[in-house]
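One letter stands for each residue in the lines below.
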Amino acid sequence: MKVDRLEIDYDPLTVVDAARAAREQGCDGFWVAETRHDPFLALGRVAGLVDGVELGTAIAVAFARNPMSTAVQANDLQLLSGGRFHLGLGSQVEPHVTKRFGMPWSRPAARMREFVLALRAVWHTWATGERLKFRGEFYTHTLMTPFFDPGPNPHGPPKVWLAGVGELMTEVAGEVADGFLCHSFTTERYLREVTLPALARGRAKAGKPLAGLEISGPSLVACDEEGVAEVRRQIAFYGSTPAYRKVLDLHGWGDLHEELHQLSRRRRWDDMAAAVTDEVLAAFAVVGTPAAAKAELTRRYGDVITRIAAPVVRTG
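The name given to the chain in an unreviewed UniProt entry is Putative F420-dependent oxidoreductase, with Saccharothrix texasensis as the source organism.

Below, the structure written as structure tokens:
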């Protein structure tokens, strides 16, 4: 199992130092999220200055972009990093896509499937010189002139990872992606009873076994009281989101979603965290010393995941 470092709320001015720290700590990969800053710009700085670790986005918001622009950014990062880049994509939820990014939203699983297929079509054209002729329901890419063609990437295309919670998006990941990013709001039971079967269905559509898919597992970890408080806030935030209710429903905690959702609408953030009981905390997170947390994560997920990312969240 590979161990990665995930930076969620990073500073572009110090992201190189964070990547170097990850390498010195023995991490296999350094991943950044798209929250307050652009993950492609951050990793562009890191790629040329920090070697010895894989680099990835976890996640970049696919629907805030189009396949062509994303193909260009990912291809450049694959080149700059010497073949160490992983393109991790996620859909985000509808209000953020439509109200924050001002982009269209419809049938997210089908749209994401097409997004990845379009990416691969663009990369194939650059690698082979064949005519670009991708026509889909959501995206059409049929023009690539020599002036805009970077040509073959000596390292090949980057691996594509998809994040998901719902069964449809997870099934798409199994079908068209190289890897799957488990959402932090995932329990062991949800992973085994919902996520893995959906991934297997997607792989079957592609004529591939589940064993060939890389999986980055859930990784909410708290090693002290401050960490526990922060993890409770994260669980409360995700639990208030209608798109993630199905995880709570599996455990019979649907009422908790209703409570959290109403509290979030009234912006009662502290009350939301207090509503996360110790039982809920234990289902989503691992609490203990670093050694104990590693042992518990291995027990929960070691037989099915290939890597795990330790998130770094700064609240001050």
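After presenting the structure, the write-up continues.
## What to know about the overall build of the chain
What the chain contains, in helices and strands, is 13 helices and 13 strands. Each principal axis of the C-alpha distribution contributes one length, and for the chain these read about 60 × 40 × 40 Å. For the chain, the computed accessible surface area is about 14800 Å², with 54% contributed by carbon and sulfur atoms. Mean positive and mean negative side-chain charge positions of the chain (37 and 38 charges, respectively) differ by 5 Å.

## Focus: the pattern of salt bridges
This structure, assessed with the given rule, holds 26 salt bridges. Here Arg 65 and Asp 38 are joined by a salt bridge, their closest N and O atoms 3.8 Å apart. In this pair, Arg 65 sits in the loop between β4 (60–61) and α3 (67–80) while Asp 38 sits in the loop between β2 (29–32) and α2 (39–49), placing the two residues 27 residues apart along the sequence. Look at Arg 65 and you get buried, because its relative accessible area is 13%. Between Glu 137 and Arg 107 there is a salt bridge, with the nearest N and O atoms lying 2.7 Å from each other. Remark: Arg 107 occurs in the loop between α4 (94–100) and α5 (108–128) and Glu 137 occurs in the loop between β6 (134–135) and β7 (140–141); sequence separation between them is 30 residues. Note on Arg 107: relative accessible area 48%, which makes it partly exposed.

## So, the side chain of Asn 153
Its location among the elements puts Asn 153 in the loop between β7 and β8 (159–164). Residue classification places Asn 153 among the buried residues on the basis of a relative accessible area of 14%. A distance of 3.1 Å separates the side chain of Asn 153 from the side chain of Asn 75, its partner in a polar contact.

Cut-offs used in this document
Along each chain, residues carry numbers from 1 onward, in the same order as the chain's sequence is written. Restriction of local features to residues with pLDDT of at least 70 applies here, the model being predicted, together with a cutoff of 80 or more for giving and counting side-chain atom pairs; totals for whole chains, interfaces and linings are based on all residues. The side-chain numbers reported here are obtained from all heavy atoms of the structure, hydrogens and water having been left aside. In DSSP terms, a helix is any run of H or I states spanning at least four residues, a strand is any run of E spanning at least two, and both are numbered starting from the N terminus. Throughout, the Shrake-Rupley method with a 1.4 Å probe supplies accessible areas, and for residues the shown protein chains are the sole cover considered. By the counting scheme adopted, Arg and Lys are positive, Glu and Asp are negative, and His together with the chain ends is not counted. Working definition for charges: the position is that of NZ of Lys, CZ of Arg, CG of Asp or CD of Glu. Each salt bridge in this description consists of a side-chain nitrogen of Lys or Arg and a carboxyl oxygen of Asp or Glu lying within 4 Å of one another. When a residue's accessible area, from a 1.4 Å probe over protein chains only, is under 20% of the maximum for its type it is buried; when over 50% it is exposed; and in between it is partly exposed. Within 3.5 Å is the distance limit for a polar contact, defined as a pair of N or O atoms, with the added protein rule that one can donate a hydrogen and the other accept it, and that residues adjacent in sequence qualify only through two side-chain atoms.

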